[in-house]
Amino acid sequence: MPELPEVESARAVIERKGLRRRIVDVDDSDSYVCRPHAPGEIRHALLGGVLIAAMRRGKSMWCQTDPSSGDITLGIHLGMSGKIVIADANGTEVDGGDYWEGRRQPGDYRWARFTLTFADGGRLMLVDPRRLGRVRLNPPVEQLGPDAQLITPAQFRAVLAAGSSAPVKARIMDQRRIAGIGNLLADEILWRARIHPARAVSSLTAGEQGRLLRATRDTIRAALRDGGVHTLTIIPYRRPGGTCPRDHAPMRTAAVDGRTSWWCSAEQLLVPGAADGQHNVK
DNA sequence: ACACGTGTTATGCG
DNA sequence: TCGCATAACACGTG
């Protein structure tokens, strides 16, 4: 489910199948997903218009509308379980992106929380069982940090600016500082960089910072190429009894930044040089 | 039955 | 005001 690679896939769905089509109906009646708008507000803003571009920064997407709609953007966030789906007039699912999504079958729209209907009867839907996704007008995307896929070395150094005792995992998941990294990407990035998730940002050496940037880039590139975060190397080993696919040491787990975290007990040490045995065995 | 969770945000504290 | 930790949000899944 959605981290940067999945959101990019969803953005591409909109770009392929959702642009330049006249919007003749809008279902924005789910007031939780469409908060803080009142039901009908988004509908009123979009009715009769068309989407002309689909943009993304981190895990946030937004669509530009034609100028006659008044420079409005339609923001979509997938939350924990959201997915963008395009159906044709018959209800057949035409495009839902190319990443793994669990058991939901194409054509199952039971959890459609927001729908645009186009003039030809086709539909663009946000399908989201848990309803933690969001749809809103003019989202404040400028509050996000640079996109994790495009971040420059100088920008990445700023993300790791000294003087913080925060865990490095919390820092790279802070969307205001760098946008797009979620729990699974973070675990894979830190595993590739051989850095313990709870290490304080201020304790990282220059060498570790360099490894972190490289791992961030390599991880995101691989996930985009291979079909989402579920294709990452360590995913099958994030389980009780899992062993590190590099050195076969036991994988360790604990909550870091309030999120379930997994790391290699031999290569990712909290205290340099010390064995990890006393820490965080769940 | 009940705990868990791949995301965000309000709230409280120093 | 800032950084950080925690709970809450909604609901399907194991």
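This is a predicted model, so every value here is computed, not measured.

**Student:** I keep staring at the overall build of chain A and nothing clicks. Help me out?
**Tutor:** Secondary structure assignment for chain A yields 6 helices and 11 strands. Each principal axis of the C-alpha atoms in chain A carries an extent, and together these give about 65 × 35 × 30 Å. In chain A, once contacts between residues fewer than 6 apart in sequence are set aside, the share between residues at least 24 apart is 64%. Accessible area of chain A: about 12500 Å², with a carbon and sulfur share of 51%. Treating the 40 positive side-chain charges of chain A as one cloud and the 31 negative ones as another, the clouds have centres 5 Å apart.

**Student:** Where do I start with the environment of Leu-137 in this structure?
**Tutor:** Mapped onto the elements, Leu-137 comes out in strand β9 (residues 134–137). According to the relative accessible area criterion, Leu-137 is buried, its value standing at 11%. Note: C-alpha distance between Leu-137 and Leu-46 (91 residues apart in sequence) is 9.6 Å. When sequence neighbours within four positions are dropped, the list of residues in contact with Leu-137 reads His-37, Glu-41, Ile-42, Ala-45, Ile-72, Thr-73 and Leu-74.

**Student:** I would appreciate a short explanation of the environment of Leu-116 in the present structure.
**Tutor:** Along the polypeptide, Leu-116 turns up in strand β7 (residues 112–118). The exposure class assigned to Leu-116 is buried, which follows from its relative accessible area of 0%. Separated by 88 residues in the primary sequence, Leu-116 and Asp-28 have C-alpha atoms spaced 8.8 Å apart. Apart from residues no more than four positions distant in its own chain, Leu-116 is found in contact with Ile-23, Asp-25, Val-26, Leu-46, Leu-51, Leu-74, Gly-122, Arg-123 and Leu-124.

**Student:** Explain the packing of aromatic side chains to me, please; I cannot follow it from the model alone.
**Tutor:** Aromatic rings considered in pairs are described by the distance between their centres and by the relative angle of their planes. The full count for this structure, using the stated rule, is 0 aromatic pairs. If you follow Arg-35 out to its NZ or CZ, it ends over the ring of Tyr-32, 4.1 Å from the centre.

**Student:** Got a minute to help me understand the protein's contact with DNA strand C in this structure?
**Tutor:** Pro-129, Arg-130, Arg-131, Ser-164 and Arg-171 are the nearest of the 13 residues found near DNA strand C. Across the atoms of DNA strand C situated within 4 Å of the protein, the share located in sugar and phosphate is 81%. One of the side-chain N or O atoms of Arg-130 is found 2.5 Å from a base nitrogen in DNA strand C. Between DNA strand C and Arg-131, the relevant distance is 2.6 Å, taken from a phosphate oxygen to a side-chain nitrogen or oxygen of the residue. By residue class, the composition of the surface near DNA strand C is 6 nonpolar, 2 polar and 5 charged.

**Student:** Which parts of the structure should I look at to understand the sheet that holds strand β4 (residues 73–77)?
**Tutor:** Within a sheet, neighbouring strands are paired by backbone hydrogen bonds and run either parallel or antiparallel to one another. Spatially, the 4 strands line up as an open sheet ordered β2-β3-β4-β9, and their pairing is antiparallel. Edge positions in the sheet fall to β2 (51–57) and β9, since each of these pairs with one other strand and no more. Ignoring which end each strand starts from, the neighbouring axes of this sheet average 20° apart. Along the sheet, helix α1 (residues 4–17) makes contact with β2, β3 (60–65) and β4, crossing β2 at roughly 170°.

**Student:** Teacher, can you tell me more about the domain arrangement of chain A here?
**Tutor:** Splitting chain A by domain gives domain 1 (4–142) and domain 2 (146–264). The interface is formed by 12 residues belonging to domain 1 together with 18 residues belonging to domain 2. Here domain 1 packs against domain 2, burying approximately 1000 Å² in sum over the two surfaces, 64% of which is carbon and sulfur. Here domain 1 and domain 2 share 1 salt bridge between them. We note a salt bridge from Arg-56 to Asp-147, for which the minimum N-O separation is 2.7 Å. The tally of links between domain 1 and domain 2 comes to 6 residue pairs in polar contact (both at pLDDT 80 or more). Mapped by element, the contributors of at least two residues to the side of domain 1 that touches domain 2 are α1 and β2. Per element, the largest residue contribution to the side of domain 1 that touches domain 2 is 4 residues, and it comes from α1. Looking at the side of domain 1 that touches domain 2 residue by residue, the classes come out as 5 nonpolar, 1 polar and 6 charged.

**Student:** What am I meant to see in the pattern of salt bridges here?
**Tutor:** Close approach of charged atoms lets side chains of opposite charge pair. This model, assessed by the stated rule, comprises 21 salt bridges. With a closest N to O distance of 2.8 Å, Glu-93 and Arg-104 form a salt bridge. Residue Glu-93 is found in strand β6 (residues 93–95), and its partner Arg-104 is found in the loop between β6 and β7; the two are separated by 11 residues along the sequence. For Arg-104, a relative accessible area of 13% corresponds to the buried category. Put simply, Glu-8, Arg-11, Glu-15, Arg-56 and Asp-147 are held in one network by salt bridges that share partners.

Reading the values: the criteria
- Every chain is numbered independently, its residues counted from 1 as its sequence is written.
- Labels follow written order: the first chain is A, the first ligand is 1, and so on.
- Where local features are concerned, this predicted model is filtered to residues with pLDDT of at least 70; where side-chain atom pairs are given and counted, the filter is 80 or more; whole-chain, interface and lining totals use all residues.
- The side-chain figures draw on all heavy atoms in the structure; neither hydrogens nor water molecules are used.
- Each helix is a run of H or I in the DSSP string that is no shorter than four residues. Each strand is a run of E no shorter than two, and both are numbered from the N terminus.
- By the convention used here, residues are in contact when the closest approach between their heavy atoms is within 4.5 Å.
- Reported accessibility uses the Shrake-Rupley method at a 1.4 Å probe radius. Residues are deemed covered only where the shown protein chains occlude them.
- Working convention for charge: Lys and Arg count positive, Asp and Glu count negative, and His plus the chain ends are omitted.
- Throughout, a charge is located at the NZ atom of Lys, the CZ atom of Arg, the CG atom of Asp or the CD atom of Glu.
- Think of it in three bands: with a 1.4 Å probe and only protein chains considered, a residue is buried below 20% of the maximum accessible area for its type, exposed above 50%, and partly exposed in between.
- For this analysis, a ring pair means two rings from Phe, Tyr or Trp (six-membered ring only for Trp) whose centres lie within 6.5 Å, classed as stacked if their planes differ by under 30 degrees, edge-to-face if by over 60, and tilted for the remaining angles.
- Look at NZ for Lys and CZ for Arg. If either is within 6 Å of the ring centre and within 35 degrees of the ring normal, a charge sits over the ring.
- A molecule or strand has a residue near it when one of that residue's heavy atoms lies within 4 Å.
- For the purposes of these results, a polar contact is taken to be a pair of N or O atoms within 3.5 Å, where, inside protein, one atom must be able to donate a hydrogen and its partner to accept one; residues adjacent in sequence count only when each atom of the pair is a side-chain atom.
- Ten residue types, Ala, Val, Leu, Ile, Met, Phe, Trp, Tyr, Cys and Pro, are classed as nonpolar, four, Asp, Glu, Lys and Arg, as charged, and the remainder, Gly among them, as polar.
- One requirement defines pairing of two strands: DSSP has to find at least two bridges between them.
- Only the stretch in contact is used when a helix axis is fitted, and all axes are lines through C-alpha atoms; the angle between N-to-C directions ranges over 0 to 180 degrees.
- Boundary definitions for the domains trace back to an automatic or database domain assignment.
- As used here, buried area is the combined drop in accessible area, with a 1.4 Å probe, of two parts when they are placed together.
- Here, a salt bridge means any side-chain nitrogen of Lys or Arg that lies within 4 Å of a carboxyl oxygen of Asp or Glu.

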